[in-house]
Amino acid sequence: MGVAALAGQASATTRIPVLVIGTGYGGAVAALRLAQAGVDVHMVEMGLAWDTPGPDGTIFANMTNPDHRSYWLRTKTKQPLSNFLGFPVDKDISRYTGILDAEEFSGITVYQGRGVGGGSLVNGGMAVTPRRERFRAVLPSVDVDEMYNVYYPRANAVLGVNTVDPVWWETAECYRFARVGRKHAQRSGLQFVFVPSVYDFDYMKREAAGSAPRSALAAEVIYGNNHGKKTLQQTYLALAKATGRVTISPLHKVTSVTPTAGGGYTVAIDWLDTAGNTTASVTTTAAKVFFAAGSVGTSKLLTKLKATGGLPGLNNEIGKGWGDNGNVMCGRANHMWDPTGALQASMPTAGIDNWDAGGAFAEVAPIPTGMETYASLYLSITKNPHRAEFSWNATTGKVDLNWRTAWKQPAIEAAKTIFDKINAKEGTIYRTDLFGFCKTWGDQLTYHPLGGAVLNKATDNYGRLHGHPGLYVIDGALIPGNTSVNPFVTITALAERNIENIIANDL
Ligand code: FAE
């Protein structure tokens, strides 16, 4: 079985053993391990398959020239760096089921990947395992030894995590920006650390040598990578499909999951066209359903189903504990003698770890514009204590999130423990032209939504939803708002842990 429409299987009489909503990290782990245990799995994904080149011969657009493929149902781009030299950089595009969703809630824009592979299609590939004591603080009900002895190694192995060759990195033109970042961090006495990645650094070496088509070196990242990055399509999902037991239906959006008389669940699904229109609405039944629609997607579905009576047994923890992983961005203006390079690899390799002293871990991020900007860019992950809650809005028929822009202030304060220090030491200033006109902080967004159906609160300690046997959460919604580092390795490892327990006890 491969990619398929759910037609034919949509009759109420056919019963799928397992339906997985979403094809990101949590969903891909569930599908692979269930299939290996002999269970047939059907995955439904609201985004595209992303397996066919467009008229320009490539599947994905790059960052310097976004087009209709780049955004989920928008008529104008919504770039995280919205301005340059103060001027807006967004441009008109045609409405399409593109790869990056900039989903707007009150006070925050949440960026998410759309398509088979979920966030793995658009992310920066930083594959970071948090320090043990930090993990313990995030998920105290989880056995830390098991995570670090079994599930983190398992996740890292299947994801294909690798590290950059430090000798090559020292002279590679495309990492000049990162070396400048290291120099500034170290001169201020801050800890500079390399981070692993799922981008194949041997491939990147060949890009740099001119012997392979460029991807990281051609500004490809948040709208997809045509080469080099090991997304879930190359790892978990490829292994899952190879079992012959996993079917994936793209452009299928789940709208409801309700108990079926006699057991199992009825799943309502909209078929979408590439303009986002619903072309048909079907139902199917499944014995078990895994919510793997991402923190926001899973939380929205569960919040709606609890409020509207579809899943009345869900408990009052549904929709709670949502956080932005403390994300905040900023840029610094370097001196003319500190150029960051016109050629920048789009894949970060390093960060500044000031978590213990200041509550911030800042990734040294590229600005792959193809020209010298004299800017250093950072995405900080901070210990922001604020948590928001999803709620059902009966008037609009939508799910709201009660985040407030002012809640980014602790994140800004934490990031300043790094960058005020560096600016003071270097005699430099913040860039104020990247996130608006005279705006220092990129505090309007997150790349790392987490929570909304927190482990051991909305679910049991392995992701079983309370009140409805056979329903599971297995994605970033389980993690209570923060992981202290970039989240996808933790989401994957936790999914590996949970699915093992579910297969052993429930199937
Ligand atoms: P996710 O990967 O979001 O998958 C959920 C899937 O469900 C998506 O494919 C959705 O389209 C689909 N879906 C949602 N609702 C429905 C529905 N109703 N019906 C059917 N399908 C649905 O979830 N993390 C890192 O660790 N390192 C990085 O370097 C990094 N960089 C990032 C850069 C960007 C620009 C972005 C946006 C994110 C980045 N992340 C990074 C975050 C990471 O990708 C994210 O935490 C994971 O993808 C979340 O995994 P989940 O399995 O929770």
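It should be emphasised that the depicted structure is a prediction, and the values quoted were computed from it without experimental measurement.

1. Examining the overall build of the chain
- Helix and strand counts for the chain come out as 11 helices and 21 strands.
- Computed over its C-alpha atoms, the radius of gyration of the chain comes to 22 Å, within 12% of the 23 Å expected for a compact globule of 507 residues.
- Here the analysis covers contacts within the chain between residues at least 6 apart in sequence; of these, 72% occur between residues at least 24 apart.
- For the chain, the accessible surface area stands at approximately 18,000 Å², while carbon and sulfur atoms represent 54% of it.
- Measuring between centres, the 46 positive side-chain charges of the chain sit 2 Å from its 42 negative side-chain charges.

2. Things to note about the sheet that holds strand 6 (residues 108-113)
- Spatial strand order, 5-6-20: 3 strands in an open sheet with mixed pairing. Two strands close off the open sheet at either side, each with one partner strand: strand 5 (100-105) and strand 20 (445-446).
- As defined by bridge partners, strand 6 adjoins strand 20 across 2 bridges and the pair is classed as parallel. Within strand 20, the position partnered with T109 by the bridge is L445.
- Here helix 8 (residues 294-307) sits on the sheet in contact with strand 5 and strand 6, set at roughly 50° to strand 5.

3. Section: the site of the ligand
- The environment of the ligand is made up of 37 residues, and the closest members are E45, G119, M126, G476 and F488.
- In this structure, G26 approaches the ligand through a main-chain N or O atom, which is 3.0 Å from an oxygen atom.
- The separation between a nitrogen atom of the ligand and a polar main-chain atom of M46 is 3.2 Å.
- Coverage of the ligand by the protein chains reaches 95% of its 1,000 Å² of free accessible surface.
- Those elements giving two or more residues to the shell around the ligand turn out to be helix 1 (25-36), strand 6, strand 9 (252-259), helix 8 and helix 11 (488-506).

4. Some thoughts on the packing of aromatic side chains
- Applying the stated criterion across every chain, the model contains 19 aromatic pairs.
- Residues W322 and W403 carry aromatic rings whose centres are separated by 5.8 Å and whose planes lie at 85° to one another, so their mutual orientation is edge-to-face. You can see W322 sitting in the loop between helix 8 and strand 12 (328-333) and its partner W403 sitting in the loop between strand 17 (398-401) and helix 10 (409-426), a full 81 residues away along the chain.
- The exposure class assigned to W322 is buried, which follows from its relative accessible area of 0%.
- Judged by relative accessible area, which is 1%, W403 ranks as buried.
- Relative to W407, the ring of W403 lies with its centre 5.3 Å away and its plane at 80°, an arrangement referred to as edge-to-face.
- The class of W407 is buried, set by a relative accessible area of 14%.
- Through pairs of rings, three or more aromatic residues link up here, namely F105, W322, F390, W403 and W407.

5. A word on the pattern of salt bridges
- Counted according to the given criterion, the structure contains 25 salt bridges.
- Salt-bridge contacts for E173 lead to R176; the nearest nitrogen and oxygen are separated by 3.5 Å.
- Judged by relative accessible area, R176 falls into the partly exposed class, the value being 31%.
- Overlapping salt bridges bring together R131, E133, R134, D353 and D356 as one network.

6. Observations regarding the side chain of N162
- With respect to the helices and strands, the residue N162 is situated in the loop between helix 3 (144-159) and helix 4 (166-171).
- Among the polar contacts made by the side chain of N162, one reaches the main-chain carbonyl oxygen of Y199 at a distance of 2.7 Å.
- At a separation of 3.1 Å, a polar atom in the side chain of N162 contacts the main-chain amide nitrogen of F201.
- Apart from residues lying up to four places away in sequence, N162 is in contact with P196, S197, V198, Y199, D200 and F201.

Criteria and thresholds
Residues numbered from 1 in each chain as written. Predicted model: local features only at pLDDT ≥ 70, side-chain atom pairs only at ≥ 80, totals over all residues. Heavy atoms only, no water. Helix = DSSP H or I, 4+ residues; strand = E, 2+ residues; numbered from the N terminus. Rg over C-alpha atoms; globule rule 2.2 N^0.38 Å. Contact = heavy atoms within 4.5 Å. Areas by Shrake-Rupley, 256 points an atom, 1.4 Å probe, with all protein chains shown as cover. Lys, Arg positive; Asp, Glu negative; His and termini not counted. Charge placed at Lys NZ, Arg CZ, Asp CG, Glu CD. Pairing = 2+ DSSP bridges. Axes fitted to C-alpha atoms, helices over the stretch in contact; angles between N-to-C directions. Near = heavy atom within 4 Å. Polar contact = N/O pair within 3.5 Å; in protein donor to acceptor, adjacent residues only side chain to side chain. Phe/Tyr/Trp six-rings, centres within 6.5 Å; stacked < 30°, edge-to-face > 60°. Buried < 20%, exposed > 50% of the residue type's maximum accessible area, 1.4 Å probe, protein only. Salt bridge = Lys/Arg side-chain N within 4 Å of Asp/Glu carboxyl O.

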